[in-house]
Amino acid sequence: MFPRATDTTADGHVLDESLVVEDAAPRRPWRELLMSTPGRLALLGVLLIAATLVAGVVPSVSVAARQQQIQTLRGHTEPLAVAAQSLYSSLSIADAAATTSFISTDADPTTLLHTYNQALADASAALVVAGTGVDPQNRDAVQQLTDISRHLGVYAGLISTARANDNAGNPIGVAYLGDASALMQDTVLPMAHTLYSEQIRAVADTQSRTEQLPGAALATTVAALVLLVLAQRYLMRKTHRRG
């Protein structure tokens, strides 16, 4: 029986396996690169480039978003707010003139009729302006304008019917006038006031946002500057140079 090669040598001595030194595990190339000075400098350069790009992109995006908000404010929110205010005042004047023409005996009916027609025309014009200026994405405002326009048509029809019956001497004209006034006071005017209040609040909110400092842009810029300073100090310690 032959002896095991791992147990004895050629001269009969026993081989101590504990004295066998295995080759150390090879280091990974990327780890060796990061542990070297050129690798650290390369990594530092990549970080500085990335920080500079971020510091340039974030303010650009912030400025573009702010400009978009200002354009929306000028093109939609403010015109809609002005139109909503004109709509509310014109509807109030029209309803007051229509009611006064029925209950007042001293006022000139022709003058009141002219005032009513003019106020109704102004309200219709304000609806057109508001419909043109409203943002299609603002579904609440679009729905409110649609409802106001529909109710305003019903109101005008009731006033016309009331006037026709009053001219014919039919007392039912007063009932039509009451229905028209109730529709205006309970439905149309509250909707116009809500629309105006919402647009004024939207104007104030947009102005407040555009007046705030761009926090993200400032944070990224400061972070990039801090990183540049730290990189400069690191290079000074490594190279013993200034500048």
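The rules behind each value
- Residues numbered from 1 in each chain as written.
- Predicted model: local features only at pLDDT ≥ 70, side-chain atom pairs only at ≥ 80, totals over all residues.
- Heavy atoms only, no water.
- Helix = DSSP H or I, 4+ residues; strand = E, 2+ residues; numbered from the N terminus.
- Buried < 20%, exposed > 50% of the residue type's maximum accessible area, 1.4 Å probe, protein only.
- Contact = heavy atoms within 4.5 Å.
- Areas by Shrake-Rupley, 256 points an atom, 1.4 Å probe, with all protein chains shown as cover.
- Core = buried A, V, L, I, M, F, W, Y, C linked by side-chain atoms within 4.5 Å.
- Salt bridge = Lys/Arg side-chain N within 4 Å of Asp/Glu carboxyl O.
- Patch = residues over 30% accessible without salt bridge, like charges linked within 9 Å, V, L, I, M, F, W, Y side chains within 5 Å.
- Axes fitted to C-alpha atoms, helices over the stretch in contact; angles between N-to-C directions.
- Parallel < 35°, antiparallel > 145°, perpendicular 65-115°, else oblique.
- Left-handed = near helix turned anticlockwise from the far one by under 90°.
- Nonpolar A, V, L, I, M, F, W, Y, C, P; charged D, E, K, R; others polar.
- Expected span 1.5 Å × (residues − 1).
- pLDDT = per-residue confidence, 0-100.

Enquirer: Can you lay out the overall build of the chain for me, pointing to particular residues and giving the numbers?
Expert: Of regular secondary structure, the chain possesses six helices and zero strands. By residue count, 25% of the 243 residues in the chain fall in the buried class. Restricting to contacts in the chain with at least 6 residues of sequence separation, those with at least 24 account for 73%. As displayed, the chain has an accessible area near 16200 Å², and 61% of this comes from carbon and sulfur atoms.

Enquirer: Explain the nonpolar core to me, using residue names and the numbers behind them.
Expert: Membership of the largest hydrophobic core comes to 34 residues, with the highest contact counts inside it found for Leu87, Leu91, Tyr116, Ile148, Leu152 and Tyr155. Those elements giving two or more residues to this core turn out to be helix 2 (37–103), helix 3 (109–133), helix 4 (139–167) and helix 5 (172–211). Each residue touching Ile148, except ones within four places of it in the same chain, is listed here: Leu87, Leu127, Val188, Met191, Ala192 and Leu195.

Enquirer: Give me the lowdown on the pattern of salt bridges, citing residues and values where you can.
Expert: Per the counting criterion, the structure on display carries one salt bridge. A salt bridge links Arg150 to Asp147, with the nearest nitrogen and oxygen atoms 3.4 Å apart. You can see Arg150 and its partner Asp147 sitting in helix 4, three residues apart, about one turn around the helix. For Arg150, a relative accessible area of 48% puts it in the partly exposed group. On the accessibility criterion, Asp147 (17% relative accessible area) is buried.

Enquirer: Summarise the environment of Asn165; cite the residues concerned and give the values.
Expert: The topology assignment puts Asn165 in helix 4. The class for Asn165 is buried, based on a relative accessible area of 16%. As for Asn165 and Tyr176, which are separated by 11 residues in sequence, their C-alpha atoms are 8.9 Å apart. With residues near it in sequence (within four places) discarded, Asn165 still touches Asn170, Ile172, Gly173 and Tyr176.

Enquirer: Explain the environment of Leu47 residue by residue, including any values.
Expert: Within the element layout of this structure, Leu47 appears in helix 2. In this structure the C-alpha to C-alpha distance between Leu47 and Ala224, which are 177 residues apart in sequence, comes to 9.6 Å.

Enquirer: Tell me what's going on with a nonpolar patch on the surface, and back it up with residues and numbers.
Expert: A contiguous nonpolar patch, built from Val222, Val226 and Leu230 and spanning about 260 Å² of accessible area, is present on the exposed surface. Mapping Val222 onto the fold places it in helix 6 (residues 215–239).

Enquirer: Let's hear about the packing of helix 3 against helix 4: which residues, and what values?
Expert: Viewed as axis vectors pointing N to C, helix 3 and helix 4 meet at an angle of 165 degrees, and their least axial separation amounts to 11 Å. It follows from the interaxial angle that helix 3 and helix 4 lie roughly antiparallel. Remark: the crossing between helix 3 and helix 4 carries left-handed chirality. Together, Leu113, Tyr116, Leu120, Ala123, Ser124, Leu127, Ala130 and Gly131 of helix 3 and Leu145, Ile148, Ser149, Leu152, Tyr155, Ala156, Ile159 and Arg163 of helix 4 make up the contact between the two elements. Its residues assigned to classes, the contact of helix 3 with helix 4 shows 12 nonpolar, three polar and one charged.

Enquirer: Explain the side chain of His151 to me, using residue names and the numbers behind them.
Expert: With respect to the element layout, His151 can be found in helix 4. In contact with His151, other than residues within four places in its own chain, are Leu183, Thr187, Val188 and Met191.

Enquirer: Any details on helix 3? Residues and values, ideally.
Expert: Over its 25 residues, helix 3 extends 36 Å from the first C-alpha to the last, a length consistent with the 36 Å expected when each residue adds 1.5 Å. Listing the buried residues of helix 3 in full gives Leu112, Tyr116, Ala119, Leu120, Ala123, Ala126, Leu127, Ala130 and Gly133.

Enquirer: Residues and numbers for the environment of Gly157, please.
Expert: Inspection of the secondary structure assignment puts Gly157 in helix 4. Gly157 gets classed as partly exposed once you look at its relative accessible area, which sits at 31%. Residues Gly157 and Ala180, spaced 23 residues apart in sequence, show a C-alpha to C-alpha distance of 8.5 Å.

Enquirer: Lay out the side chain of Ser90 with the relevant residues and their values.
Expert: Take Ser90: it is sitting in helix 2. Not counting the four nearest positions on each side in its chain, Ser90 is found in contact with Ala119, Asp122 and Ala123.

Enquirer: Run through helix 4, naming residues and quoting values.
Expert: In this model helix 4 runs 42 Å from its N-terminal to its C-terminal C-alpha over 29 residues, within 8% of the 42 Å that 1.5 Å per residue would give. Looking at the residues trailing helix 4, positive phi occurs at Gly169, about 80 degrees.

Enquirer: Kindly report on the confidence of the model for the chain, identifying the contributing residues and their values.
Expert: Per-residue confidence for the chain gives a mean pLDDT of 78; residues scoring 70 or more make up 76%. A low-confidence stretch, residues 6–10 (pLDDT under 50), is modelled with nine contacts involving residues beyond four sequence positions or located in other chains.

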